Every structure is written in C-alpha cells, then in structure tokens.
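# Descriptive structure summary
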Amino acid sequence: MRLMMRWGSVLLLILPMLTHAQSIRLTSGEYPPFISQHLPNQGPLTEIIVLAAEEANLDITFGYFLWHESMALAQQGQWNGTVGWAFTKERALDFIYSDAIYTESAVFFHRKDKAFNWSKPEDLAGLAVGVGLGYIDVNTLTRLQKSGIDVKLQEFETEEDQVHALLNNQIDIALGNKDVLLYIIKTTLSAEQARQLTYHPHPFRVTPLHVLFSRKIKQAYEHSRAFNKGLRRIKTDSRYKAVWNQFRRQKLPE
C-alpha cells in the first residue's frame, strides 16, 4: 500500500508535465479580412489555427510583421513558423508544411476606365503588374518573363500600397486575393475612389495556404504533425465549418 501511494504521488507530479501545452510562436502579416490583429479573434484563419492548436495541446502566440519579414524571421528560426503561405519547392527547403488551412483565389484588379481582359498569360504582355513583396506571384510572373512574356513586375510591401498605385496609374493591374483587395478598397479608399476600380473574374491562381514550421526548430516535425491532427479533428466535426459559415454571414464588400 505504501508503494502504491508513492507511485501515486509520482504520477501526480508527472501528469501536469505530460499535459502542459507546448508554446509555439508564429509570424503573420496583415491580411484582412482573413488575418489581422485588428479583427475579432484576429480573423477566421487565425481562429482556425488556434482551434487546431488547442486540439493538439499547442499554445500559439502570434507576431505581426510585414509579410517578407514574417517569412525571414521564421526562416531563420527566430520564430517557430509563419502563417498563410502557398507551397513552393524553395520554401519547402526551409519549412515543413501543414495541411491546407484555406484555399484562396487571386485575381487581377484594374481601373474601370482602362479596358482589361485576359484568358492566357500572353494577354499580360506589356502590362505593369503590382504584386505583394515575397508572395508566390513574384516567382510565377518572373517565370513568365523568362519564357519571353514581357510582364513588368512591381512589388509592394502592403496591399494598401498596391491599391493606391493602381488608383494613381503607377501600375496597369494589381494581382491579389479577391476578398483581401476588396476589403482594402472598401476600408481605405473614398467611395468615389472605390468606384474607379474593379476586377476580372477569371482567377490567375487558386492556391491552398498553409502554416509553415521552420526546419531550424528541433521540434518542427513534431509540432506540424500534432497541428495536422488537430486540424483534421476540427475539419471532421463542425468547428472548421462553423468558422467559415460565420465569416460568410458577414457582409463583405463586392
């Protein structure tokens, strides 16, 4: 009996250690209405990441930076990972990818007083295209340039800069997530300015986004595997769907 009591005492000491959540620090950029420190629950993608992490007994802390800084900090291992990136072979050298957390649609925005239509990459020849600094679109459009299509590429640190450049005729078209650029147009421009811009409905790409875990961190594989298990659980039950249903019930600008 005395031995059993001793083992019971040992288990009581060990149990909190076994159940203690592991802390993970993830970088992000501002990407409203999906990710932002200024949105309720920091946006639906952040909410999904937190729900999946809780299922995996992971305690997530977010840090907000410019997108290219977010990538660099995680790449160097100063933070555990970074949120909301598409897959590339180059990034896979530095990161372990989670399962997809969201699939985005990227389209071209243009001024209404400048006719724009496209169906194939060759239609972009001769146009100045604005994209986000460090985004996957930079690589894609650079490959078009190398293939002989004369795309004039301009990179911007923020979507706000991108939209204002389009409005001021510094670029011909702006490429980005449809809902994100609509949100920026609605919230940062006057009604008169917003009426001057529109988008082409044909997507340039439809791309899954992921959480990236830095290979510089020893526990990266363990964390990614645990996170994926949590993500699958909330996708199986109603929680993942509930987050998106709530998001879609909100009135987004069109």
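First, a word on scope: everything that follows refers to the structure included in this document. (Residues numbered from 1 in each chain as written. Predicted model: local features only at pLDDT ≥ 70, side-chain atom pairs only at ≥ 80, totals over all residues. Heavy atoms only, no water.)

### Examining the overall build of the protein chain
The number of helices and strands found in the protein chain is 10 helices and 10 strands. In terms of principal-axis extent, the alpha carbons of the protein chain reach across some 85 × 40 × 30 Å. Burial status across the protein chain gives 46% buried among its 254 residues. Partitioning the intrachain contacts of the protein chain with sequence separation of at least 6 by distance along the chain shows that 74% fall at a separation of at least 24. Counting every atom, the protein chain has about 13500 Å² of accessible surface; 54% of that belongs to carbon and sulfur. (Helix = DSSP H or I, 4+ residues; strand = E, 2+ residues; numbered from the N terminus. Buried < 20%, exposed > 50% of the residue type's maximum accessible area, 1.4 Å probe, protein only. Contact = heavy atoms within 4.5 Å. Areas by Shrake-Rupley, 256 points an atom, 1.4 Å probe, with all protein chains shown as cover.)

### Overview of the side chain of Glu104
Structurally, Glu104 is set in strand E5 (residues 102–111). Within the local environment of Glu104, its side chain forms a polar contact with the side chain of Arg205, the two groups lying 2.9 Å apart. Apart from residues lying up to four places away in sequence, Glu104 is in contact with Tyr31, Asn177, Arg205, Val206, Thr207 and Leu209. (Polar contact = N/O pair within 3.5 Å; in protein donor to acceptor, adjacent residues only side chain to side chain.)

### Regarding empty space enclosed by the protein
Overall, the coordinates contain two cavities of 30 Å³ or more when judged by the stated rule. By volume, the largest cavity amounts to about 140 Å³. Along the wall of the largest cavity there are 13 residues; nearest its centre are Tyr31, Gly84, Trp85, Glu104 and Tyr135. Elements that contribute at least two residues to the lining of the largest cavity include exactly strand E3 (81–85) and strand E10 (205–214). Taken as a whole, the second largest cavity spans an internal volume of roughly 40 Å³. In this structure, the second largest cavity is lined by Tyr31, Gly132, Tyr135, Asp137, Glu159, Gln162, Leu175, Gly176, Asn177, Val180, Leu181 and Arg205. Here the lining of the second largest cavity gets three residues from one element, more than from any other, and that element is strand E8 (residues 173–177). Counted by class, the lining of the second largest cavity contains five nonpolar, four polar and three charged residues. (1 Å grid on protein atoms, 1.4 Å probe; cavity = no way out; pocket = protein on both sides within 12 Å on 5 of 7 lines; lining within 4 Å. Points joined across faces, edges and corners; volume = space filled by probe spheres on them. Nonpolar A, V, L, I, M, F, W, Y, C, P; charged D, E, K, R; others polar.)

### As for the environment of His20
Note on placement: His20 falls in the loop between helix H1 (2–19) and strand E1 (22–28). Among the residues examined, His20 registers a relative accessible area of 59% and is labelled exposed. Sequence spacing of His20 and Leu58 is 38 residues, and the spatial spacing of their C-alpha atoms is 8.8 Å.

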